[in-house]
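Each chain, written out:
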Amino acid sequence: MLILDSFEIKNSDKIEKLIMENAHADKTRTSALIDLHNYGKIYQPYYEKSANETEIPFLWTTMQYDIHTNIKRFIKEDFDIVDLWAMTFENGEGVTPHDHTYGTIPDMQTRKIDYTAVYYLKTEQDCAEIFFPDEGLRLQPKVNQFIMFDATIRHGVEPSISSKVDRISISMDIVKK
């Protein structure tokens, strides 16, 4: 597991605004199993592009490039970020334990994912923890923290206790080339 506590991306304020304007709980606009996992709101541009032929915002593409560049400073092997989505949490929203063994967007469902990662764009004090039940590990998210781990490791998010969005995370699936 790789944990980096100062992993900044450019234009974070604009990215936060983009996420807040587009995050939703419409299960027809995401490959995430919203009903099954008790999700918060999600923004998944790559799924929307593959399912509905919508354009991916340039800001999202440049953010992915920034994240890829930052990861390359720590991971020497070649890799691709094959999906990238954002989640917001409030009012009891969380995520039950799951893994990312296989991709969820239509053209990735049979491809094995090597790593999954999460970047914390916004966190409030006492926001919901990420937990790894099989590892006995719990982590309190911090702004600009990046966590990457094997995609087969089960993880979840404790329910939010705040009445407003107290956590915005950007998650991704990564495959080795």
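Preceding block: the structure.
Colleague: How would you summarise the overall build of the protein if you had to cite specific residues and measurements?
Modeller: Secondary structure assignment for the protein yields 4 helices and 10 strands. Residues counted as buried form 53% of the 177 residues belonging to the protein. Counted over contacts in the protein with a minimum sequence separation of 6, partners at least 24 positions apart contribute 73%.

Colleague: Let's hear about the packing of aromatic side chains: which residues, and what values?
Modeller: Summed over all chains, the structure comprises 4 aromatic pairs. An angle of 15° between the planes, with centres 4.3 Å apart, marks the rings of phenylalanine 7 and phenylalanine 146 as stacked. A residue pair is termed long-range when its members are at least 10 positions apart, and phenylalanine 7 in the loop between strand 1 (2-4) and helix 1 (12-22) and phenylalanine 146 in strand 8 (residues 146-150) qualify at 139 residues. Residue phenylalanine 7 is classed as buried on the basis of its relative accessible area, which comes to 2%. Considering the side-chain rings of tyrosine 43 and tryptophan 60, the 5.2 Å spacing of their centres and the 75° angle between planes classify their relative orientation as edge-to-face. Here tyrosine 43 is found in strand 2 (residues 41-43), whereas its partner tryptophan 60 is found in helix 4 (residues 58-72), with 17 residues between them in sequence. A connected cluster of aromatic rings, assembled from ring pairs, spans Phe7, Tyr119 and Phe146.

Colleague: A description of unusual backbone geometry should follow, citing residues and the corresponding values.
Modeller: Phi at asparagine 11 is positive, roughly 60°, even though this residue is not glycine. In this structure, aspartate 126 is a non-glycine residue whose phi angle is positive, near 65°. Taking the relative accessible area as the measure of exposure, aspartate 126 reaches 54% and is therefore exposed.

Colleague: Please set out the pairing of strand 3 (residues 79-89) residue by residue, giving values where relevant.
Modeller: By the criterion of burial, strand 3 is predominantly enclosed, with 10 of the 11 residues buried. Judged from the 3 bridges that link them, strand 2 and strand 3 form a sheet pairing that is antiparallel. Residue pairing in the sheet places isoleucine 42 in a bridge with methionine 87 of strand 3. Pairing of strand 3 with strand 10 (residues 167-176), which is carried by 10 bridges, proceeds in the antiparallel orientation. Across the sheet, aspartate 80 pairs through a bridge with valine 175, a residue of strand 10.

Colleague: Could you give me a rundown of the sheet that holds strand 9 (residues 155-157), with the residues and numbers involved?
Modeller: Strand order in the open sheet made by the 4 strands is 4-9-6-7, with antiparallel pairing throughout. Each edge of the sheet is formed by a strand with only one pairing partner; in this case those strands are strand 4 (95-98) and strand 7 (137-139). Neighbour-to-neighbour, the strand axes of this sheet turn through a mean angle of 15°, independent of strand direction. Judged from the 2 bridges that link them, strand 4 and strand 9 form a sheet pairing that is antiparallel. Pairing of histidine 98 across the sheet is with histidine 155, part of strand 9.

Analysis parameters
- Residues numbered from 1 in each chain as written.
- Predicted model: local features only at pLDDT ≥ 70, side-chain atom pairs only at ≥ 80, totals over all residues.
- Heavy atoms only, no water.
- Helix = DSSP H or I, 4+ residues; strand = E, 2+ residues; numbered from the N terminus.
- Buried < 20%, exposed > 50% of the residue type's maximum accessible area, 1.4 Å probe, protein only.
- Contact = heavy atoms within 4.5 Å.
- Phe/Tyr/Trp six-rings, centres within 6.5 Å; stacked < 30°, edge-to-face > 60°.
- Pairing = 2+ DSSP bridges.
- Axes fitted to C-alpha atoms, helices over the stretch in contact; angles between N-to-C directions.

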